[in-house]
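A structural walkthrough
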Amino acid sequence: MLELANVRAGYGAINVLWDVSLQCAAGKLMTIVGPNGAGKTTLLRALMGLVPVSQGEIRLDGARIDGTPTWRMADAGIAMVPEGRMVFQAMTVEENLVMGAYARRHRPHVQERLAAAYAMFPRLAERRRQAAGSLSGGEAQMVALARALMADPRILVIDEPSLGLAPIVVAELFEVLARLKAEGRTIVLVEQNTAQAVAIADHVCLLQGGRVVLAQPAHEVRLEALHARYFGR
Ligand code: ATP
């Protein structure tokens, strides 16, 4: 279980998240939606220890993880796929993936994890020697996901993976997310594509002005009502 309890976080004097409380059970998918500037990325950064938590607690299986340095989060089995993918453009697909397993304890598993990544993303296997900078947006997103998977994380934190992708590629991406969930991974997903993101979610949270204005089991979410709140109608 991943929990945020009364979390405040921000950038220096600028507070962004206000008393955010959320829970995501192990193996479940939580979708976070909300307008631009709502604090979605900041929430993911706070989870990863990239932004300091000034109040409240973040707990994983009951143990506090706020205040943990980001590199230790990786040790705790949490991996982030950042917005904009952040692939190393000049490196090949395979070199990018290997970077995801740079920690010493992962090194003995590199070959088996590469095989698993290529099984999940056959297109990346075909392009393993190609420079990542020459990939399409969809392929680059697959590289970013596959790189995070190289550390075999229990929890995946994924920021706007569908950004800028064509609808057919978005559909492929959501199929991959469904498979990752079926593997038992816990997923915290920030998405603008609300219909698809709610469809694969277990929990849905609407963030607005740094506050949770709606937190519901996904099966209870009515998209029209969500959109009405989303757009402030
Ligand atoms: P988007 O959908 O546009 O990505 P978001 O919901 O992810 O938005 P955040 O990126 O978390 O929102 O931003 C929330 C607020 O924090 C915004 O007002 C933004 O200007 C501010 N902010 C983000 N990064 C920083 C930073 N490094 N320093 C100061 N303020 C920041």
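Residues numbered from 1 in each chain as written. Predicted model: local features only at pLDDT ≥ 70, side-chain atom pairs only at ≥ 80, totals over all residues. Heavy atoms only, no water.

By the naming in an unreviewed UniProt entry, the chain goes by ABC transporter ATP-binding protein and is assigned to Pseudoduganella chitinolytica. Regarding the chain, the relevant UniProt record gives this comment under Sequence similarities (unreviewed entry): "Belongs to the ABC transporter superfamily." (UniProt positions renumbered as here; feature names shortened; annotations may be inferred.)

**Things to note about the packing of helix 6 (residues 137-149) against helix 7 (residues 167-182)**
Their axes nearest at 10 Å, the elements helix 6 and helix 7 cross at an angle of 15°. Put simply, helix 6 runs roughly parallel to helix 7. Once helix 6 is placed against helix 7, the crossing between them reads as right-handed. From helix 6, Gly138, Gln141, Met142, Leu145 and Leu149 reach across to helix 7, where they touch Val169, Glu172, Leu173, Val176 and Leu180. Its residues placed into classes, the contact of helix 6 with helix 7 shows seven nonpolar, two polar and one charged. (Axes fitted to C-alpha atoms, helices over the stretch in contact; angles between N-to-C directions. Helix = DSSP H or I, 4+ residues; strand = E, 2+ residues; numbered from the N terminus. Parallel < 35°, antiparallel > 145°, perpendicular 65-115°, else oblique. Left-handed = near helix turned anticlockwise from the far one by under 90°. Contact = heavy atoms within 4.5 Å. Nonpolar A, V, L, I, M, F, W, Y, C, P; charged D, E, K, R; others polar.)

**Details of unusual backbone geometry**
Negative phi is the rule for most residues except glycine; trans is the rule for most peptide bonds. The phi dihedral of aspartate 61 is positive, around 50°, even though this residue is not glycine. Its location among the elements puts aspartate 61 in the loop between strand 4 (53-60) and strand 5 (63-64). Overall, the relative accessible area of 48% leaves aspartate 61 in the partly exposed class. (Buried < 20%, exposed > 50% of the residue type's maximum accessible area, 1.4 Å probe, protein only.)

**Focus: the nonpolar core**
In terms of nonpolar packing, the biggest core is built from 47 residues, with Phe121, Leu156 and Leu180 touching the most fellow members. Per-element tally for this core: the top contributor is helix 6, with seven residues. Beyond its immediate chain neighbours, meaning those up to four positions away, leucine 180 contacts Met120, Leu145, Leu149, Leu156, Arg185 and Ile187. (Core = buried A, V, L, I, M, F, W, Y, C linked by side-chain atoms within 4.5 Å.)

**A word on the sheet that holds strand 9 (residues 203-208)**
Read from one edge to the other, the open sheet built from six strands follows the order 6-7-8-3-9-10, with strand pairing classed as mixed. Where the open sheet ends on each side, the last strands, each with one partner, are strand 6 (78-81) and strand 10 (211-217). Adjacent strand axes in the sheet meet at a mean angle of 15°, parallel and antiparallel pairs treated alike. Where strand 9 lies against strand 10, six bridges are found, and the strand directions are antiparallel. Bridging from a neighbouring strand, leucine 206 pairs with leucine 214 of strand 10. Docked against the sheet, helix 7 engages strand 3 (29-33), strand 7 (155-159) and strand 8 (186-190), running at close to 150° with respect to strand 8. Lying over the sheet, helix 9 (residues 223-230) contacts strand 3, strand 9 and strand 10, oriented at roughly 20° with respect to strand 9. (Pairing = 2+ DSSP bridges.)

**Concerning the site of the ligand**
Neighbouring the ligand are 14 residues; Asn36, Gly37, Lys40, Thr41 and Thr42 lie closest to it. Contacts to the ligand include glycine 39, whose backbone N or O atom sits 2.9 Å from an oxygen atom. In this structure, threonine 42 approaches the ligand through a side-chain N or O atom, which is 2.5 Å from an oxygen atom. Ranked by residue count, the leading element in the shell around the ligand is helix 1 (residues 40-47), at four residues. For the shell around the ligand, the residue count by class is four nonpolar, six polar and four charged. (Near = heavy atom within 4 Å. Polar contact = N/O pair within 3.5 Å; in protein donor to acceptor, adjacent residues only side chain to side chain.)

**Points about the pairing of strand 1 (residues 2-11)**
Judged by how many residues are buried, strand 1 sits mostly within the fold: seven of ten residues are covered. Of the strand pairs in this sheet, strand 1 and strand 2 (residues 14-24) are connected by seven bridges, and their pairing is antiparallel. Note on strand 2: the bridge partner recorded for glycine 10 is asparagine 15. Linking strand 1 back to strand 2 in an antiparallel pair, the connection comprises two residues, with glycine 12 at a positive phi of about 60°. One ladder, built from six bridges, connects strand 1 with strand 4; its direction is antiparallel. Note on strand 4: the bridge partner recorded for leucine 2 is leucine 60.

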